[in-house]
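Each chain is listed here by its residues.
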Amino acid sequence: MTPILLLASLAALVYAASYLAVCAVSPWGRCHRCRGRRSHRTAIGTRRDCPRCDGTGIRVRTGRRLLDHIRTEHRDGQQ
């Protein structure tokens, strides 16, 4: 039982580290609502700019927000 838990926790740690590395290198991802197309269809069928990304088609990844928060907290703690 213990080797399985150790392997699972190691896999989760490797996955989290690789995701944070990707977020550090490429902080932008496609918008989930418009899927990067910059606009979406409304209920009546017309197109308009996506309100979530303001028509840019990109968003800041969650991991990048976490990295920025950690960096800000560290900087504020040093002063």
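Notes on the structure in this doc start here. Source: prediction; values computed, not measured. Every chain's residues receive numbers from 1 upward, in the order its sequence appears when written. Thresholds applied to this predicted model are a pLDDT of at least 70 for local features of residues and 80 or more for the giving and counting of side-chain atom pairs; totals over whole chains, interfaces and linings are not thresholded and use all residues. The side-chain quantities take in all heavy atoms of the structure and omit both hydrogens and water.

**Overview of the overall build of the protein**
Logical step 1: Runs of H or I in DSSP of at least four residues are treated as helices and runs of E of at least two as strands, each being numbered from the N terminus. Scanning the protein from terminus to terminus reveals 2 helices and 4 strands.
Logical step 2: A compact globule built from 79 residues would reach a C-alpha radius of gyration of about 12 Å, whereas the protein, at 19 Å, exceeds it by more than 25%.
Logical step 3: Its C-alpha atoms give the protein principal-axis dimensions of about 55 × 45 × 20 Å.
Logical step 4: Here, two residues are considered to be in contact whenever any of their heavy atoms come within 4.5 Å of each other. Across the protein, every contact between residues at least 6 apart in sequence was considered, and the portion connecting residues at least 24 apart equals 48%.
Logical step 5: Summing over all exposed atoms, the protein offers an accessible surface of approximately 6500 Å²; the carbon and sulfur share of this is 60%.
Logical step 6: Lys and Arg are tallied as positive, Asp and Glu as negative. Neither His nor the chain termini are counted. Here the site of a charge means atom NZ of a Lys, CZ of an Arg, CG of an Asp or CD of a Glu. Of note, the protein has its 15 positive side-chain charges centred 14 Å away from the centre of its 5 negative side-chain charges. Atoms considered for the radius of gyration are the C-alpha atoms alone. The globule rule reads 2.2 Å times the number of residues to the power 0.38. Computed with the Shrake-Rupley method and a 1.4 Å probe, the accessible areas treat only the protein chains shown as cover for residues.

**A short note on a positive patch on the surface**
Logical step 1: To count toward a patch, a residue needs a relative accessible area above 30% and no salt bridge. Like charges then connect within 9 Å, nonpolar side chains (Val, Leu, Ile, Met, Phe, Trp, Tyr) within 5 Å. Salt bridges are defined by distance alone: a side-chain nitrogen of Lys or Arg within 4 Å of a carboxyl oxygen of Asp or Glu. On the surface, Arg30, Arg35, Arg37, Arg41 and Arg47 cluster together into a positively charged patch.
Logical step 2: When you line up the elements, arginine 41 lands in strand β2 (residues 39-41).
Logical step 3: Remark: exposure states derive from per-residue accessible area (1.4 Å probe, protein chains only) relative to the maximum for the residue type, with buried under 20%, exposed over 50%, and partly exposed in between. For arginine 41, a relative accessible area of 53% gives the class exposed.

**Overview of the packing of helix α1 (residues 2-25) against helix α2 (residues 62-78)**
Logical step 1: Note on method: axes are straight lines fitted to C-alpha atoms, helices fitted across the in-contact stretch only, with angles between N-to-C directions ranging 0 to 180 degrees. One can describe the packing of α1 onto α2 by two numbers: an axis separation of 8 Å at closest approach and a directional angle of 85°. Comparing their axes, α2 and α1 come out roughly perpendicular. Between α1 and α2, the residues in contact are Tyr19, Leu20, Cys23 and Ala24 and Thr62, Gly63, Arg64, Leu66 and Leu67, respectively.
Logical step 2: Here the term charged refers only to Asp, Glu, Lys and Arg, the term nonpolar to Ala, Val, Leu, Ile, Met, Phe, Trp, Tyr, Cys and Pro, and the term polar to all other amino acids, Gly among them. In terms of residue class, the contact of α1 with α2 is made up of 6 nonpolar, 2 polar and 1 charged. An angle counts as roughly parallel when it lies under 35 degrees, as roughly antiparallel when it exceeds 145, as roughly perpendicular when it falls between 65 and 115, and as oblique in every other case.

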